[in-house]
Amino acid sequence: IAPTYRSDQSIRPIDIVPEDATLLVQGNAWLRSKAYVRALEHFVRTHKLRLALLVHDILPISNPQYFDAEQTSDLSQNLDRLGALVSAFGVDSHATKRDLEQVLEMRGNAHVPISVIRLGDGIGEGLIGSQEFPKELRSADEKAVDAILDAGNFVLSVGSQSPHKNRALLFQIWNRLVS
């Protein structure tokens, strides 16, 4: 049902979904798209699924000064609409968990469990799937990443180029650390 895949004819719809299965939505399509939320809501109800959302942040609600009013309104409405269906949230930081807990409490959904999930877990441990990957077969790039992680001195910046990411501040801090 994701808008990205609608035009890809090689992707076939799921015909049979076991009742009470959990559908994990990892992407951000639900943040802004009311049509996606309606389709998701219909899919979850039709197939009697549990819905779990992975939320990276709710900055348009918690820090609306960095966003236009429409983005804040869209996220707020979509969160309200999906809030009635969500059986669990995953977040990638304790700060997002705190922000989401506050918003859910104000909206009467404080009962929904929120788990902090570590993204990229296993980096530097040689893990591929559930099997250990032999160190002698790892590439030079993988070994270089291992060395950086083992030293413990690194900065990881992942995300979009949106203004709220404050890349300028990241570069200023990096320059101070380097000099």
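Each chain has its residues counted from 1, following the order in which its sequence is written. Per-residue local features are limited, in this predicted model, to residues with pLDDT of at least 70; the limit for side-chain atom pairs, both in listing and counting, is 80 or more; totals at the level of whole chains, interfaces and linings are taken over all residues. Heavy atoms from the whole structure form the basis of all side-chain values; hydrogens and water molecules are not counted.

Points about the overall build of the protein
Then comes step 1: Secondary structure summary: the protein contains 7 helices and 6 strands in total.
Then comes step 2: Secondary structure elements are defined from DSSP: runs of H or I of at least 4 residues count as helices, runs of E of at least 2 residues count as strands, and each element is numbered from the N terminus. When the helices and strands of the protein are listed from N to C terminus, the series reads β-α-α-β-α-α-β-α-β-β-β-α-α.
Then comes step 3: Looking at the 179 residues of the protein, the share that counts as buried comes to 26%.
Then comes step 4: Within the protein, contacts between residues at least 6 apart in sequence are counted, and of these 66% link residues at least 24 apart.
Then comes step 5: Accessible surface for the protein amounts to roughly 12300 Å². Of this, 54% is attributable to carbon and sulfur atoms. When a residue's accessible area, from a 1.4 Å probe over protein chains only, is under 20% of the maximum for its type it is buried; when over 50% it is exposed; and in between it is partly exposed. The contact criterion used throughout is that any non-hydrogen atoms of two residues lie within 4.5 Å. Per-residue and other accessible areas follow the Shrake-Rupley method at a 1.4 Å probe size, with only the shown protein chains counted as cover for residues.

Some remarks on the side chain of Asn-78
Then comes step 1: Relative to the helices and strands, Asn-78 resides in helix 4 (residues 69–83).
Then comes step 2: Of the residues examined, Asn-78 reaches a relative accessible area of 2% and is grouped as buried.
Then comes step 3: Here a polar contact is taken to be a pair of N or O atoms separated by no more than 3.5 Å, where protein atoms must pair a possible hydrogen donor with a possible acceptor and residues adjacent in sequence count only if both atoms sit in side chains. A distance of 2.9 Å separates a polar atom in the side chain of Asn-78 from the backbone oxygen of Trp-30.
Then comes step 4: Sequence-distant contacts of Asn-78, that is, excluding residues within four places in its chain, are made with Trp-30, Leu-31, Arg-32, Ser-33, Lys-34 and Val-37.

Notes on the pairing of strand 2 (residues 50–55)
Then comes step 1: Of all 6 residues in strand 2, 5 are buried, a share of seventy percent or more.
Then comes step 2: Any two strands are treated as partners once DSSP identifies two or more bridges connecting them. Bridge count between strand 1 (residues 22–25) and strand 2: 4 bridges; the pairing is parallel. By the bridge assignment for strand 2, Thr-22 is matched with Arg-50.
Then comes step 3: Inspection of the sheet shows strand 2 paired to strand 3 (residues 86–91) by 5 bridges, in the parallel sense. Paired with Leu-51 across the strands is Val-86, a residue of strand 3.

Concerning the sheet that holds strand 4 (residues 114–116)
Then comes step 1: As summarised here, the arrangement of the 4 strands in space is 1-2-3-4, forming an open sheet in which the pairing is parallel. Unpaired on one side and paired on the other, strand 1 and strand 4 mark the two borders of the sheet. Taking the axes of each pair of neighbouring strands and ignoring which way they run, one obtains an average angle of 20° across the sheet.
Then comes step 2: Between N-to-C directions, angles span 0 to 180 degrees; the directions come from axes that are lines fitted to C-alpha atoms, helices contributing only their stretch in contact. Where helix 2 (residues 34–46) meets the sheet, its contacts fall on strand 1 and strand 2, and the angle it forms with strand 1 comes to roughly 165°.
Then comes step 3: Helix 5 (residues 94–106) rests against strand 2, strand 3 and strand 4 of the sheet, and its axis sits at about 170° to strand 4.

A word on the pattern of salt bridges
Any two side chains of opposite charge can pair if their charged atoms end up close together.
Then comes step 1: Throughout this description, the term salt bridge denotes a Lys or Arg side-chain nitrogen within 4 Å of a carboxyl oxygen of Asp or Glu. Under the counting rule described, the total for this entry stands at 7 salt bridges.
Then comes step 2: The partner of Glu-41 in a salt bridge is Arg-45, with the nearest N and O atoms 3.8 Å apart. Of the two residues, Glu-41 and Arg-45 are both situated in helix 2; the distance of 4 residues between them amounts to about one turn of the helix.
Then comes step 3: Linking Arg-98 and Asp-99 is a salt bridge whose minimum nitrogen-to-oxygen distance equals 3.5 Å.
Then comes step 4: Because the salt bridges share partners, they merge into one network encompassing Arg-32, Lys-34 and Asp-74.

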